[in-house]
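# Fold and contact review
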Amino acid sequence: MLQPSNNIVMRVSLGVLLSVVSGWAMAVATYTWDLPWLGLVAWVPAILGQHLVWPRRLQGWAIGLAWFTYLSLNFVPKLLPEIGSWVWALPVGVGALSILLEQRTVDEAQASEYRRYWWQNACSYTAVEFGRSFVPGVATWAVAGYSVIVSPGWGELAAYVGVFGLSLGVWAHNFALAYLILLVLGRATWRRGTGIRAALIPLLALILMFVPEKGIPSESRTLRTAAIQVGFDLYQGEWNARRLAGDDDALSRDMIAHGLELTEVAVDQGARLVVWPEGFLRVVPQDHPQIRTELEAFTRGADVTLAVGYVIETPDGRRNEVAMLTPQGTWHVTAKDHPVPWAETGSVTQGQSAVVTVDGYRVGAMICFDADFTDTTRERASAGLDLLVAPAHDWPAIGRGRAVHVRTRAAENRLPIVMADWMVGSAAVDERGRVLDAMPYTEETRGVMVVDVPITPEGPTPYGGIGDVVGWLSIAGTVLALVLGRSRR
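Residues numbered from 1 in each chain as written. Predicted model: local features only at pLDDT ≥ 70, side-chain atom pairs only at ≥ 80, totals over all residues. Heavy atoms only, no water.

### Re unusual backbone geometry
- Even without being glycine, aspartate 359 reaches a positive phi, approximately 55 degrees.
- As for its placement among the helices and strands, aspartate 359 is situated in the loop between strand S6 (356–358) and strand S7 (361–365). (Helix = DSSP H or I, 4+ residues; strand = E, 2+ residues; numbered from the N terminus.)

### Let's talk about the layout of surface pockets
- Roughly 930 Å³ of volume is contained in the largest pocket.
- Surrounding the largest pocket, 30 residues form its lining, Leu101, Thr105, Glu108, Gln120 and Leu482 being those nearest its centre.
- Every element with two or more residues in the lining of the largest pocket is listed here: helix H5 (89–101), helix H6 (105–111), helix H7 (117–132) and helix H16 (469–488).
- For the lining of the largest pocket, the per-class residue count stands at 12 nonpolar, 10 polar and eight charged. (1 Å grid on protein atoms, 1.4 Å probe; cavity = no way out; pocket = protein on both sides within 12 Å on 5 of 7 lines; lining within 4 Å. Points joined across faces, edges and corners; volume = space filled by probe spheres on them. Nonpolar A, V, L, I, M, F, W, Y, C, P; charged D, E, K, R; others polar.)

### Quick notes on the nonpolar core
- In terms of nonpolar packing, the biggest core is built from 64 residues, with Met26, Trp43, Trp67, Tyr70, Phe75, Trp171 and Phe175 touching the most fellow members.
- Sorting the residues of this core by element identifies helix H1 (4–31), helix H2 (36–41), helix H3 (44–52), helix H4 (60–83), H7, helix H8 (152–184), helix H9 (192–209) and helix H14 (396–413) as the ones contributing at least two each.
- In contact with methionine 26, other than residues within four places in its own chain, are Gly39, Ala42, Trp43, Tyr70, Ala144, Val170, Trp171 and Asn174.
- The next biggest cluster of nonpolar side chains, apart from the first, holds 38 residues, and it includes Met324, Leu387, Val406 and Val418. (Core = buried A, V, L, I, M, F, W, Y, C linked by side-chain atoms within 4.5 Å. Buried < 20%, exposed > 50% of the residue type's maximum accessible area, 1.4 Å probe, protein only. Contact = heavy atoms within 4.5 Å.)

### Some thoughts on the pairing of strand S4 (residues 317–325)
- Summarising burial for S4: eight of the nine residues are buried, a large majority.
- Bridge count for strand S3 (residues 305–314) against S4 is nine bridges, and the pairing is antiparallel. If you follow alanine 307 over to S4, its bridge partner there is methionine 324.
- With antiparallel pairing between neighbouring strands as the criterion, S3 and S4 make up a hairpin whose turn holds two residues.
- The sheet contact formed by S4 and strand S5 (residues 331–335) spans five bridges and is antiparallel. Of the residues in S5, the one forming a bridge with methionine 324 is histidine 332.
- Connecting S4 to the next strand, S5, in antiparallel fashion are five residues, including glycine 329 with a positive phi near 85 degrees. (Pairing = 2+ DSSP bridges.)

### Considering the packing of aromatic side chains
- Applying the stated criterion across every chain, the model contains 25 aromatic pairs.
- Residues tyrosine 117 and phenylalanine 175 carry aromatic rings whose centres are separated by 5.7 Å and whose planes lie at 75 degrees to one another, so their mutual orientation is edge-to-face. One end of the pair, tyrosine 117, is in helix H7; the other, phenylalanine 175, is in helix H8, and 58 residues separate them in sequence.
- On the basis of relative accessible area, phenylalanine 175 is assigned to the buried category, the value being 2%.
- Ring centres of phenylalanine 232 and tryptophan 239 lie 4.6 Å apart, and the angle between their planes is 10 degrees; this geometry places the pair in the stacked category. (Phe/Tyr/Trp six-rings, centres within 6.5 Å; stacked < 30°, edge-to-face > 60°.)

### Section: the pattern of salt bridges
- A complete count under the given rule lists 26 salt bridges for this structure.
- A salt bridge links aspartate 107 to arginine 56, with the nearest nitrogen and oxygen atoms 2.9 Å apart. Taken as a pair, aspartate 107 in helix H6 and arginine 56 in the loop between H3 and H4 lie far apart in primary sequence, 51 residues in all.
- On the basis of relative accessibility, which here comes to 58%, the residue arginine 56 falls in the exposed class.
- Here glutamate 156 ties to arginine 414 by a salt bridge, and the two come within 2.8 Å at their closest N and O atoms. Placement of the pair is glutamate 156 in helix H8 and arginine 414 in the loop between H14 and strand S9 (417–420), with a sequence separation of 258 residues. There is no split in this pair, since glutamate 156 and arginine 414 are both buried.
- Salt bridges here are not isolated pairs; linked through shared partners, they connect Glu156, Lys214, Arg414, Glu431 and Arg432. (Salt bridge = Lys/Arg side-chain N within 4 Å of Asp/Glu carboxyl O.)

### Remarks on the side chain of aspartate 372
- With respect to the helices and strands, aspartate 372 occurs in the loop between S7 and helix H13 (375–382).
- Side-chain polar atoms of aspartate 372 contact the side chain of tryptophan 141, separated by 2.9 Å.
- The contacts of aspartate 372, once residues within four sequence positions are left out, are Ala139, Thr140, Trp141, Arg402, His405 and Arg409. (Polar contact = N/O pair within 3.5 Å; in protein donor to acceptor, adjacent residues only side chain to side chain.)

### Quick look at empty space enclosed by the protein
- The final tally for this structure, using the stated rule, is one cavity of 30 Å³ or more.
- Ala29, Thr30, Trp33, Asp34 and Val150 are, among the 13 residues lining the largest cavity, the residues nearest its centre.
- Those elements that place two or more of their residues in the lining of the largest cavity are H1 and H14.
- Ranked by the residues each element gives to the lining of the largest cavity, the list is headed by H1, at three residues.

### Describing the sheet that holds S6
- In space, the six strands of this open sheet follow the order S6-S7-S8-S9-S10-S11, with mixed pairing throughout. Strands at the two margins of the open sheet, each flanked by one partner only, are S6 and strand S11 (435–438). Going from strand to strand, the sheet's axes swing by 20 degrees on average, the running direction of each strand aside.
- Here four bridges tie strand S8 (residues 387–391) to S9, and the two strands are oriented parallel to one another. The partner of alanine 390 across the bridge, within S9, is methionine 419.
- Of the strands in this sheet, S9, strand S10 (427–429) and S11 are in contact with H14, which crosses S9 at around 160 degrees. (Axes fitted to C-alpha atoms, helices over the stretch in contact; angles between N-to-C directions.)

### Some details on the packing of helix H10 (residues 237–245) against helix H11 (residues 248–268)
- Where H10 contacts H11, the two axes come as close as 9 Å, and the packing angle between them is 140 degrees. Regarding the angle of H10 to H11, the classification is oblique. On H11, the residues touching Trp239, Arg242 and Arg243 of H10 are Ala250, Leu251, Asp254, Met255 and His258.
- Within the contact of H10 with H11, the residues separate by chemical class into four nonpolar, one polar and three charged. (Parallel < 35°, antiparallel > 145°, perpendicular 65-115°, else oblique.)

Listed below in C-alpha coordinates is the structure:
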(Lines give C-alpha, C1' and ligand atoms only; values in the text may rest on other atoms or scores of the structure.)
Protein backbone atom coordinates (compact mmCIF):
# COMPACT_ATOMS: atom_id res chain seq x y z
CA MET A 1 0.00 0.00 0.00
CA LEU A 2 1.24 3.50 -0.87
CA GLN A 3 2.01 5.77 2.01
CA PRO A 4 0.36 9.24 1.93
CA SER A 5 3.72 10.94 1.34
CA ASN A 6 4.43 8.68 -1.62
CA ASN A 7 0.98 9.39 -3.02
CA ILE A 8 1.66 13.15 -2.88
CA VAL A 9 5.01 12.68 -4.62
CA MET A 10 3.34 10.72 -7.39
CA ARG A 11 0.58 13.30 -7.81
CA VAL A 12 3.03 16.16 -7.94
CA SER A 13 5.26 14.29 -10.40
CA LEU A 14 2.31 13.57 -12.67
CA GLY A 15 1.13 17.16 -12.34
CA VAL A 16 4.56 18.49 -13.32
CA LEU A 17 4.57 16.19 -16.35
CA LEU A 18 1.15 17.40 -17.50
CA SER A 19 2.17 21.06 -17.09
CA VAL A 20 5.40 20.59 -19.01
CA VAL A 21 3.52 18.77 -21.78
CA SER A 22 1.13 21.72 -22.07
CA GLY A 23 3.91 24.30 -22.22
CA TRP A 24 5.87 22.24 -24.74
CA ALA A 25 2.82 21.60 -26.93
CA MET A 26 1.87 25.29 -27.10
CA ALA A 27 5.48 26.24 -27.87
CA VAL A 28 5.88 23.85 -30.80
CA ALA A 29 2.40 24.66 -32.10
CA THR A 30 3.27 28.36 -32.14
CA TYR A 31 6.59 28.36 -34.00
CA THR A 32 7.80 24.83 -34.79
CA TRP A 33 5.07 22.59 -36.20
CA ASP A 34 2.29 23.58 -38.58
CA LEU A 35 -0.38 21.75 -36.55
CA PRO A 36 -3.15 24.24 -35.71
CA TRP A 37 -5.20 21.65 -33.82
CA LEU A 38 -2.32 21.22 -31.36
CA GLY A 39 -2.60 24.79 -30.12
CA LEU A 40 -6.32 24.28 -29.56
CA VAL A 41 -5.73 21.42 -27.09
CA ALA A 42 -2.24 22.21 -25.78
CA TRP A 43 -3.32 23.69 -22.45
CA VAL A 44 -5.85 20.97 -21.61
CA PRO A 45 -3.36 18.63 -19.83
CA ALA A 46 -2.28 21.42 -17.45
CA ILE A 47 -5.91 22.37 -16.72
CA LEU A 48 -6.92 18.78 -16.01
CA GLY A 49 -3.82 18.33 -13.88
CA GLN A 50 -4.79 21.41 -11.85
CA HIS A 51 -8.32 20.05 -11.22
CA LEU A 52 -7.63 16.35 -10.88
CA VAL A 53 -4.01 15.69 -9.92
CA TRP A 54 -2.28 18.44 -7.98
CA PRO A 55 -2.83 18.62 -4.18
CA ARG A 56 -5.11 21.50 -3.31
CA ARG A 57 -2.43 23.65 -1.71
CA LEU A 58 -0.23 23.35 -4.82
CA GLN A 59 -2.81 23.81 -7.58
CA GLY A 60 -1.38 27.13 -8.69
CA TRP A 61 1.80 25.35 -9.79
CA ALA A 62 -0.09 23.53 -12.54
CA ILE A 63 -0.52 26.65 -14.67
CA GLY A 64 2.62 28.41 -13.45
CA LEU A 65 4.84 25.58 -14.66
CA ALA A 66 2.99 25.43 -17.98
CA TRP A 67 3.58 29.15 -18.57
CA PHE A 68 7.21 28.85 -17.49
CA THR A 69 7.79 25.99 -19.94
CA TYR A 70 5.96 27.69 -22.80
CA LEU A 71 7.77 31.01 -22.49
CA SER A 72 11.14 29.41 -21.76
CA LEU A 73 11.02 27.32 -24.93
CA ASN A 74 9.97 30.32 -27.00
CA PHE A 75 12.34 32.93 -25.60
CA VAL A 76 15.43 31.39 -24.03
CA PRO A 77 16.94 29.56 -27.05
CA LYS A 78 16.26 32.59 -29.26
CA LEU A 79 17.54 35.37 -27.01
CA LEU A 80 20.07 33.84 -24.58
CA PRO A 81 23.03 34.63 -26.89
CA GLU A 82 21.72 38.20 -27.30
CA ILE A 83 20.81 39.37 -23.80
CA GLY A 84 22.20 36.68 -21.51
CA SER A 85 20.49 35.62 -18.28
CA TRP A 86 17.98 38.49 -18.50
CA VAL A 87 16.05 36.29 -20.92
CA TRP A 88 14.77 34.27 -17.95
CA ALA A 89 12.97 37.27 -16.47
CA LEU A 90 9.78 36.84 -18.50
CA PRO A 91 9.21 33.07 -18.06
CA VAL A 92 10.17 33.18 -14.37
CA GLY A 93 8.08 36.31 -13.71
CA VAL A 94 4.98 35.09 -15.55
CA GLY A 95 5.32 31.61 -14.07
CA ALA A 96 5.62 32.91 -10.51
CA LEU A 97 2.70 35.31 -10.94
CA SER A 98 0.57 32.50 -12.38
CA ILE A 99 1.32 30.29 -9.39
CA LEU A 100 -0.06 32.99 -7.10
CA LEU A 101 -3.09 33.94 -9.21
CA GLU A 102 -4.09 30.38 -10.07
CA GLN A 103 -3.97 28.99 -6.53
CA ARG A 104 -7.69 29.48 -5.90
CA THR A 105 -8.91 28.91 -9.46
CA VAL A 106 -10.42 25.48 -8.83
CA ASP A 107 -12.18 26.57 -5.62
CA GLU A 108 -13.61 29.67 -7.31
CA ALA A 109 -14.74 27.69 -10.36
CA GLN A 110 -16.54 25.15 -8.21
CA ALA A 111 -18.07 27.84 -5.99
CA SER A 112 -19.51 29.61 -9.05
CA GLU A 113 -20.62 26.30 -10.60
CA TYR A 114 -18.29 27.08 -13.54
CA ARG A 115 -20.52 29.96 -14.73
CA ARG A 116 -17.56 32.11 -15.77
CA TYR A 117 -14.82 29.52 -15.99
CA TRP A 118 -13.95 29.16 -19.67
CA TRP A 119 -14.64 32.71 -20.85
CA GLN A 120 -13.05 34.36 -17.81
CA ASN A 121 -9.82 32.45 -18.31
CA ALA A 122 -9.85 33.04 -22.07
CA CYS A 123 -10.21 36.78 -21.49
CA SER A 124 -7.57 36.97 -18.76
CA TYR A 125 -4.99 34.99 -20.76
CA THR A 126 -5.56 37.13 -23.85
CA ALA A 127 -5.44 40.28 -21.75
CA VAL A 128 -2.03 39.23 -20.40
CA GLU A 129 -0.74 38.58 -23.93
CA PHE A 130 -2.08 41.91 -25.12
CA GLY A 131 -0.60 43.73 -22.14
CA ARG A 132 2.90 42.33 -22.61
CA SER A 133 2.80 43.18 -26.33
CA PHE A 134 3.45 46.76 -25.23
CA VAL A 135 6.80 45.71 -23.72
CA PRO A 136 9.34 46.83 -26.36
CA GLY A 137 11.54 43.74 -26.24
CA VAL A 138 8.66 41.26 -26.08
CA ALA A 139 6.13 42.51 -28.65
CA THR A 140 3.81 39.71 -29.81
CA TRP A 141 6.30 36.88 -29.41
CA ALA A 142 4.74 33.70 -27.97
CA VAL A 143 1.15 34.80 -28.51
CA ALA A 144 -1.07 31.71 -28.73
CA GLY A 145 -2.96 33.02 -31.76
CA TYR A 146 0.08 32.32 -33.94
CA SER A 147 -0.49 28.58 -33.47
CA VAL A 148 -3.55 28.55 -35.76
CA ILE A 149 -2.51 30.99 -38.50
CA VAL A 150 -1.65 28.13 -40.87
CA SER A 151 -5.33 27.06 -40.90
CA PRO A 152 -7.18 28.70 -43.83
CA GLY A 153 -10.29 29.28 -41.73
CA TRP A 154 -8.44 30.83 -38.83
CA GLY A 155 -6.36 32.83 -41.31
CA GLU A 156 -9.56 34.28 -42.75
CA LEU A 157 -10.69 35.16 -39.22
CA ALA A 158 -7.44 37.08 -38.66
CA ALA A 159 -8.63 39.75 -41.11
CA TYR A 160 -11.51 40.49 -38.73
CA VAL A 161 -10.05 40.10 -35.23
CA GLY A 162 -6.24 40.09 -35.56
CA VAL A 163 -3.83 37.83 -33.73
CA PHE A 164 -5.31 38.66 -30.30
CA GLY A 165 -8.73 37.60 -31.56
CA LEU A 166 -7.17 34.31 -32.63
CA SER A 167 -5.60 34.02 -29.18
CA LEU A 168 -8.96 34.57 -27.51
CA GLY A 169 -10.35 31.75 -29.63
CA VAL A 170 -7.43 29.42 -28.85
CA TRP A 171 -7.66 29.99 -25.10
CA ALA A 172 -11.46 29.76 -25.11
CA HIS A 173 -11.25 26.42 -26.89
CA ASN A 174 -8.70 25.02 -24.45
CA PHE A 175 -10.71 26.00 -21.38
CA ALA A 176 -14.10 25.07 -22.86
CA LEU A 177 -12.79 21.64 -23.86
CA ALA A 178 -11.25 21.08 -20.43
CA TYR A 179 -14.52 22.10 -18.78
CA LEU A 180 -16.47 19.62 -20.95
CA ILE A 181 -14.04 16.84 -20.02
CA LEU A 182 -14.48 17.70 -16.34
CA LEU A 183 -18.25 17.50 -16.86
CA VAL A 184 -17.96 14.03 -18.37
CA LEU A 185 -15.77 12.94 -15.45
CA GLY A 186 -18.32 14.32 -12.99
CA ARG A 187 -15.86 16.85 -11.56
CA ALA A 188 -17.62 19.99 -12.79
CA THR A 189 -21.17 21.20 -12.22
CA TRP A 190 -23.60 20.96 -15.15
CA ARG A 191 -25.51 24.11 -15.88
CA ARG A 192 -27.49 24.11 -19.09
CA GLY A 193 -26.56 27.58 -20.35
CA THR A 194 -22.91 27.28 -19.39
CA GLY A 195 -22.60 23.79 -20.87
CA ILE A 196 -24.26 24.65 -24.18
CA ARG A 197 -22.16 27.77 -24.67
CA ALA A 198 -18.99 25.88 -23.84
CA ALA A 199 -19.92 23.11 -26.30
CA LEU A 200 -20.36 25.67 -29.09
CA ILE A 201 -16.69 26.69 -28.86
CA PRO A 202 -15.21 23.37 -30.08
CA LEU A 203 -17.92 23.23 -32.74
CA LEU A 204 -17.00 26.66 -34.09
CA ALA A 205 -13.30 25.81 -33.92
CA LEU A 206 -13.94 22.62 -35.88
CA ILE A 207 -15.85 24.53 -38.54
CA LEU A 208 -12.96 26.99 -38.91
CA MET A 209 -10.50 24.10 -39.24
CA PHE A 210 -12.43 22.74 -42.22
CA VAL A 211 -12.92 26.01 -44.09
CA PRO A 212 -11.40 25.36 -47.54
CA GLU A 213 -8.46 27.38 -48.71
CA LYS A 214 -9.39 30.23 -51.03
CA GLY A 215 -7.70 30.28 -54.39
CA ILE A 216 -6.11 33.28 -56.03
CA PRO A 217 -8.79 35.23 -57.96
CA SER A 218 -8.50 34.83 -61.72
CA GLU A 219 -8.38 38.60 -62.18
CA SER A 220 -5.29 38.92 -59.98
CA ARG A 221 -2.13 40.28 -61.53
CA THR A 222 1.40 39.69 -60.27
CA LEU A 223 4.47 41.74 -59.51
CA ARG A 224 7.71 39.85 -59.96
CA THR A 225 9.65 40.65 -56.80
CA ALA A 226 13.00 39.38 -55.56
CA ALA A 227 14.82 39.19 -52.23
CA ILE A 228 18.59 38.83 -52.12
CA GLN A 229 20.31 36.91 -49.33
CA VAL A 230 24.10 37.19 -49.16
CA GLY A 231 24.66 34.26 -46.79
CA PHE A 232 26.84 36.03 -44.24
CA ASP A 233 26.47 38.64 -41.52
CA LEU A 234 28.29 41.88 -40.77
CA TYR A 235 28.47 40.72 -37.16
CA GLN A 236 30.57 37.66 -38.00
CA GLY A 237 34.29 37.10 -38.43
CA GLU A 238 36.24 39.41 -40.71
CA TRP A 239 33.13 41.42 -41.55
CA ASN A 240 32.54 42.19 -37.89
CA ALA A 241 36.16 43.30 -37.44
CA ARG A 242 35.79 45.72 -40.34
CA ARG A 243 32.50 46.99 -38.98
CA LEU A 244 34.01 47.64 -35.56
CA ALA A 245 36.99 49.38 -37.17
CA GLY A 246 34.59 51.99 -38.49
CA ASP A 247 35.59 51.76 -42.16
CA ASP A 248 31.99 52.32 -43.22
CA ASP A 249 32.78 53.71 -46.67
CA ALA A 250 34.89 50.77 -47.86
CA LEU A 251 32.59 48.27 -46.18
CA SER A 252 29.55 49.73 -47.93
CA ARG A 253 31.32 49.60 -51.30
CA ASP A 254 31.99 45.90 -50.82
CA MET A 255 28.37 45.32 -49.83
CA ILE A 256 27.23 47.19 -52.95
CA ALA A 257 29.25 44.73 -55.04
CA HIS A 258 27.57 41.75 -53.34
CA GLY A 259 24.15 43.34 -53.65
CA LEU A 260 24.43 44.23 -57.32
CA GLU A 261 25.83 40.80 -58.20
CA LEU A 262 22.76 39.08 -56.78
CA THR A 263 20.41 41.77 -58.08
CA GLU A 264 21.65 41.16 -61.63
CA VAL A 265 20.59 37.53 -61.24
CA ALA A 266 17.13 38.69 -60.15
CA VAL A 267 16.86 41.16 -63.04
CA ASP A 268 17.84 38.44 -65.51
CA GLN A 269 14.83 36.51 -64.19
CA GLY A 270 12.52 39.46 -64.80
CA ALA A 271 12.33 40.98 -61.31
CA ARG A 272 10.79 44.46 -61.23
CA LEU A 273 11.43 45.06 -57.54
CA VAL A 274 14.44 43.78 -55.57
CA VAL A 275 14.68 43.92 -51.77
CA TRP A 276 18.02 44.06 -49.91
CA PRO A 277 18.42 43.15 -46.20
CA GLU A 278 18.17 45.48 -43.22
CA GLY A 279 21.25 47.57 -42.51
CA PHE A 280 22.94 46.36 -45.70
CA LEU A 281 24.96 49.57 -46.04
CA ARG A 282 26.73 51.59 -43.35
CA VAL A 283 26.26 54.88 -45.17
CA VAL A 284 23.17 56.74 -46.41
CA PRO A 285 23.31 55.85 -50.12
CA GLN A 286 21.36 58.88 -51.37
CA ASP A 287 23.79 61.17 -49.51
CA HIS A 288 26.95 59.42 -50.76
CA PRO A 289 27.82 60.85 -54.20
CA GLN A 290 29.66 57.83 -55.64
CA ILE A 291 27.27 55.17 -54.29
CA ARG A 292 24.26 57.24 -55.28
CA THR A 293 25.55 57.60 -58.85
CA GLU A 294 26.30 53.87 -59.09
CA LEU A 295 22.92 52.75 -57.81
CA GLU A 296 20.96 55.25 -59.90
CA ALA A 297 22.84 54.17 -63.01
CA PHE A 298 22.12 50.52 -62.25
CA THR A 299 18.38 50.95 -61.62
CA ARG A 300 18.04 53.13 -64.72
CA GLY A 301 19.87 50.64 -66.92
CA ALA A 302 18.10 47.59 -65.50
CA ASP A 303 14.71 49.32 -65.22
CA VAL A 304 14.25 47.95 -61.70
CA THR A 305 13.30 49.40 -58.31
CA LEU A 306 15.64 48.67 -55.39
CA ALA A 307 14.76 48.62 -51.69
CA VAL A 308 18.09 49.26 -49.94
CA GLY A 309 18.49 48.95 -46.17
CA TYR A 310 21.11 50.97 -44.31
CA VAL A 311 22.08 51.87 -40.74
CA ILE A 312 24.15 54.80 -39.50
CA GLU A 313 24.83 56.22 -36.06
CA THR A 314 24.32 59.95 -35.59
CA PRO A 315 24.91 62.20 -32.56
CA ASP A 316 21.16 62.06 -31.95
CA GLY A 317 20.88 58.28 -32.29
CA ARG A 318 20.53 55.59 -34.91
CA ARG A 319 18.97 55.92 -38.35
CA ASN A 320 17.74 52.53 -39.47
CA GLU A 321 16.02 53.05 -42.81
CA VAL A 322 15.16 51.52 -46.16
CA ALA A 323 15.36 53.67 -49.29
CA MET A 324 13.37 52.60 -52.33
CA LEU A 325 15.12 53.81 -55.49
CA THR A 326 13.14 53.91 -58.75
CA PRO A 327 14.52 53.73 -62.31
CA GLN A 328 13.71 57.44 -62.60
CA GLY A 329 16.27 58.16 -59.85
CA THR A 330 13.84 59.12 -57.09
CA TRP A 331 14.46 57.99 -53.50
CA HIS A 332 11.65 57.14 -51.07
CA VAL A 333 12.71 56.61 -47.44
CA THR A 334 10.99 54.64 -44.67
CA ALA A 335 12.37 54.37 -41.13
CA LYS A 336 12.14 51.58 -38.58
CA ASP A 337 9.24 52.06 -36.16
CA HIS A 338 10.33 49.63 -33.45
CA PRO A 339 14.06 49.49 -32.63
CA VAL A 340 15.25 46.41 -30.73
CA PRO A 341 15.84 47.66 -27.16
CA TRP A 342 19.04 45.77 -26.35
CA ALA A 343 20.63 46.10 -29.81
CA GLU A 344 19.75 49.53 -31.18
CA THR A 345 20.24 53.07 -29.92
CA GLY A 346 16.75 54.23 -30.70
CA SER A 347 15.37 55.32 -34.05
CA VAL A 348 15.62 59.06 -34.61
CA THR A 349 13.56 58.98 -37.81
CA GLN A 350 10.87 56.72 -36.35
CA GLY A 351 7.48 57.28 -37.98
CA GLN A 352 8.80 58.28 -41.39
CA SER A 353 7.29 56.21 -44.20
CA ALA A 354 7.02 56.45 -47.97
CA VAL A 355 5.18 54.82 -50.84
CA VAL A 356 6.64 54.08 -54.27
CA THR A 357 4.82 52.99 -57.43
CA VAL A 358 6.16 49.94 -59.29
CA ASP A 359 4.35 48.98 -62.50
CA GLY A 360 1.28 50.79 -61.22
CA TYR A 361 1.31 49.09 -57.79
CA ARG A 362 1.76 50.96 -54.52
CA VAL A 363 4.64 49.54 -52.50
CA GLY A 364 5.60 50.43 -48.92
CA ALA A 365 8.13 49.14 -46.40
CA MET A 366 8.69 48.10 -42.81
CA ILE A 367 11.89 46.84 -41.18
CA CYS A 368 12.48 43.56 -39.32
CA PHE A 369 11.22 43.99 -35.71
CA ASP A 370 8.28 46.05 -37.01
CA ALA A 371 6.69 42.75 -38.08
CA ASP A 372 6.54 41.62 -34.43
CA PHE A 373 4.10 44.42 -33.62
CA THR A 374 0.64 44.81 -35.11
CA ASP A 375 0.56 48.57 -35.61
CA THR A 376 3.16 49.16 -38.35
CA THR A 377 1.65 46.80 -40.94
CA ARG A 378 -1.84 48.04 -40.12
CA GLU A 379 -0.79 51.66 -40.63
CA ARG A 380 0.97 50.83 -43.89
CA ALA A 381 -2.09 48.94 -45.16
CA SER A 382 -4.32 51.93 -44.39
CA ALA A 383 -2.33 53.87 -47.00
CA GLY A 384 -3.78 51.60 -49.69
CA LEU A 385 -0.67 49.57 -50.41
CA ASP A 386 -0.57 46.63 -52.79
CA LEU A 387 2.67 45.14 -51.44
CA LEU A 388 4.90 45.57 -48.40
CA VAL A 389 8.66 44.89 -48.42
CA ALA A 390 10.47 44.01 -45.20
CA PRO A 391 14.26 44.12 -45.01
CA ALA A 392 15.34 42.10 -41.96
CA HIS A 393 18.39 41.01 -39.96
CA ASP A 394 17.71 37.79 -38.06
CA TRP A 395 19.72 34.88 -36.76
CA PRO A 396 18.79 31.20 -37.29
CA ALA A 397 17.10 30.76 -33.90
CA ILE A 398 14.37 33.28 -34.72
CA GLY A 399 14.07 32.85 -38.50
CA ARG A 400 10.97 30.69 -38.45
CA GLY A 401 9.32 32.75 -35.74
CA ARG A 402 9.75 35.94 -37.77
CA ALA A 403 8.21 34.20 -40.78
CA VAL A 404 5.16 33.25 -38.68
CA HIS A 405 4.75 36.90 -37.67
CA VAL A 406 5.05 38.07 -41.27
CA ARG A 407 2.42 35.53 -42.34
CA THR A 408 0.06 36.78 -39.65
CA ARG A 409 0.57 40.47 -40.48
CA ALA A 410 -0.21 39.66 -44.12
CA ALA A 411 -3.39 37.74 -43.21
CA GLU A 412 -4.58 40.44 -40.80
CA ASN A 413 -4.33 43.16 -43.43
CA ARG A 414 -4.75 41.21 -46.70
CA LEU A 415 -1.39 42.58 -47.79
CA PRO A 416 1.38 40.48 -49.41
CA ILE A 417 4.83 40.86 -47.86
CA VAL A 418 8.33 40.11 -49.18
CA MET A 419 11.06 39.84 -46.53
CA ALA A 420 14.80 39.87 -47.35
CA ASP A 421 17.32 38.72 -44.73
CA TRP A 422 21.10 38.33 -44.53
CA MET A 423 21.54 34.60 -43.96
CA VAL A 424 18.27 32.77 -43.25
CA GLY A 425 14.56 32.90 -43.75
CA SER A 426 13.93 35.37 -46.57
CA ALA A 427 10.30 34.77 -47.49
CA ALA A 428 7.41 35.93 -49.64
CA VAL A 429 3.79 35.50 -48.52
CA ASP A 430 0.54 36.33 -50.26
CA GLU A 431 -2.31 38.42 -48.90
CA ARG A 432 -3.67 35.47 -46.89
CA GLY A 433 -0.35 34.67 -45.27
CA ARG A 434 0.41 31.67 -47.44
CA VAL A 435 4.11 31.15 -48.12
CA LEU A 436 4.90 31.61 -51.80
CA ASP A 437 8.61 30.89 -51.37
CA ALA A 438 11.19 30.96 -48.58
CA MET A 439 14.87 30.41 -47.93
CA PRO A 440 15.80 27.80 -45.26
CA TYR A 441 15.10 29.03 -41.74
CA THR A 442 18.13 27.48 -40.03
CA GLU A 443 20.71 26.94 -42.78
CA GLU A 444 22.81 29.92 -43.83
CA THR A 445 22.18 30.34 -47.55
CA ARG A 446 23.34 32.67 -50.29
CA GLY A 447 20.98 33.21 -53.19
CA VAL A 448 18.15 35.05 -54.86
CA MET A 449 14.46 34.39 -54.32
CA VAL A 450 12.31 35.54 -57.24
CA VAL A 451 8.54 35.35 -56.78
CA ASP A 452 5.51 36.40 -58.80
CA VAL A 453 3.52 37.99 -55.98
CA PRO A 454 -0.25 38.02 -56.65
CA ILE A 455 -1.73 41.49 -56.26
CA THR A 456 -5.37 41.35 -55.26
CA PRO A 457 -6.47 44.75 -53.95
CA GLU A 458 -9.23 44.16 -51.40
CA GLY A 459 -9.15 47.44 -49.50
CA PRO A 460 -8.74 47.73 -45.72
CA THR A 461 -9.80 44.70 -43.69
CA PRO A 462 -12.21 44.98 -40.74
CA TYR A 463 -9.21 44.42 -38.48
CA GLY A 464 -7.45 47.31 -40.19
CA GLY A 465 -10.34 49.54 -39.13
CA ILE A 466 -10.79 48.40 -35.53
CA GLY A 467 -7.21 47.45 -34.67
CA ASP A 468 -6.57 45.40 -31.54
CA VAL A 469 -9.97 46.04 -30.01
CA VAL A 470 -10.19 42.36 -29.01
CA GLY A 471 -7.24 42.92 -26.69
CA TRP A 472 -9.05 45.76 -24.97
CA LEU A 473 -12.27 43.72 -24.82
CA SER A 474 -10.33 40.91 -23.16
CA ILE A 475 -9.20 43.31 -20.47
CA ALA A 476 -12.81 44.45 -20.05
CA GLY A 477 -13.97 40.83 -19.87
CA THR A 478 -11.41 40.10 -17.16
CA VAL A 479 -12.61 43.06 -15.11
CA LEU A 480 -16.26 42.05 -15.62
CA ALA A 481 -15.53 38.53 -14.39
CA LEU A 482 -13.88 39.91 -11.27
CA VAL A 483 -16.85 42.20 -10.62
CA LEU A 484 -19.33 39.34 -11.10
CA GLY A 485 -17.31 37.11 -8.81
CA ARG A 486 -17.19 39.75 -6.09
CA SER A 487 -20.93 40.46 -6.35
CA ARG A 488 -21.80 36.75 -6.04
CA ARG A 489 -19.59 36.42 -2.99
